[in-house]
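Here are the chains, one letter per residue:
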Amino acid sequence: MPELPEVETIVRHLRRDIGGKRIARSRLLWERLVAAPTSDRFVRHLPGRRIVAIDRRGKYILIHLDDGYYWIVHLRMTGRFRYLPPGTEDAEERHLRFVARFDDGSSLRFINPRKFARFYLVPRAEMIVGHLGLEPLSVDFTAEALAEALRHRRQAIKPLLMGQAVVAGLGNIYTCEALWRAGIDPRAAASTLTTEEIEALREAIVAVLVAAIRRGGSTLGDGQYLTPDGARGEAQEALGVYGKAGQSCPRCGTPIIRFVQSGRSTYACPHCQGIVEANEKPHPKVELGR
Ligand SMILES: [Zn+2]
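Below you will find a few notes about this structure. (Residues numbered from 1 in each chain as written. Predicted model: local features only at pLDDT ≥ 70, side-chain atom pairs only at ≥ 80, totals over all residues. Heavy atoms only, no water.)

### Comments concerning helix H4 (residues 143-150)
Next, step 1: Listing the buried residues of H4 in full gives Ala143, Leu146 and Leu150. The arc that holds every buried residue of H4, seen down its axis, measures 65°, which confines them to one face.
Next, step 2: On its buried side, H4 packs onto helix H5 (157-162) and helix H7 (195-214). (Buried < 20%, exposed > 50% of the residue type's maximum accessible area, 1.4 Å probe, protein only. Helix = DSSP H or I, 4+ residues; strand = E, 2+ residues; numbered from the N terminus. Arc of directions from axis to C-beta. Contact = heavy atoms within 4.5 Å.)

Dropping the structure here:
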């Protein structure tokens, strides 16, 4: 699933590829892609509109149109944009769900094998992204703000970070990476983190995200995430723990463990993150192992 670094990489490509262009035609091939308003209204709204800005909030892409409306995109599991420059062959693509053609002859295609992605067309972006927590690459993401957001949360820190209400944009990969980098047990109750741990966590989240953006996001074995020009990301090559159960921790050499938390695989270093083995009892419900 694309997380903040992948979405940010896509946004940067889209700015360059379609920023300032006017939409000439739009074609929807899967009606339920549009969550709001109706698919008819969405498709009829776009032609004639110029794209004035493209931003990101959490994992959402915000395409600002010249009439004040926002075309908002959530890629979910497998959503992917493909940009075709003017004069490019309109190659047949499986799982094609939407096409926008621009007045310069270029087009933007949306491919979505698993059909979970969603488009929205709204007059105010807050209608869709208003529920999101702190934006980790903004100046508002301070240790104080993070501490305040975690204060009364008794949930384990890892699923809480993935839930979007405290911090926006983190999924499984970068949550595992940030907690490892900060040396925090993914099962720790959020409200029990010390001031030092919260500061370390804030720094780790920013560092992990910035490093991944620099490498164009992570393309894992499924190959689902590609940039709009069809390229793979390279951030997966710099991951510390995610997907590396049994391999040595890059920091201390201890074998990395995998366990299931809220239905998702958690990868962690038991030494760096102070994780006590299951047979030592404090967390009897957690199964440790490959
Ligand atoms: Zn370690």
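### Regarding the sheet that holds strand S4 (residues 60-65)
Next, step 1: Within the open sheet, the five strands sit side by side as S2-S9-S5-S4-S3. Their pairing is mixed. Only two strands of the sheet have a single neighbouring strand rather than two, namely strand S2 (34-36) and strand S3 (51-57). Across the sheet, the axes of successive neighbouring strands diverge by a mean angle of 25°, strand direction being ignored.
Next, step 2: By the bridge criterion, two bridges tie S2 to strand S9 (residues 118-122) in an arrangement that is parallel. Paired with alanine 36 across the strands is tyrosine 120, a residue of S9.
Next, step 3: Sheet strands in contact with helix H1 (residues 4-18) are S3 and S4, and its direction is about 175° off that of S3. (Pairing = 2+ DSSP bridges. Axes fitted to C-alpha atoms, helices over the stretch in contact; angles between N-to-C directions.)

### Concerning the nonpolar core
Next, step 1: Judged by nonpolar contacts, the single largest core of 38 residues is most densely connected at Leu146, Leu150, Ile157, Leu161, Tyr174, Leu201 and Ile205.
Next, step 2: Looking at this core element by element, the count peaks at eight residues for H7.
Next, step 3: Apart from the residues within four sequence positions on either side, tyrosine 174 is in contact with Glu3, Pro5, Glu6, Val208, Leu209, Ala212, Gly217, Ser218, Ala235 and Leu239.
Next, step 4: In this structure, Ile10, Ile23, Ile61 and Phe119 belong to the second largest nonpolar core, which totals 32 residues. (Core = buried A, V, L, I, M, F, W, Y, C linked by side-chain atoms within 4.5 Å.)

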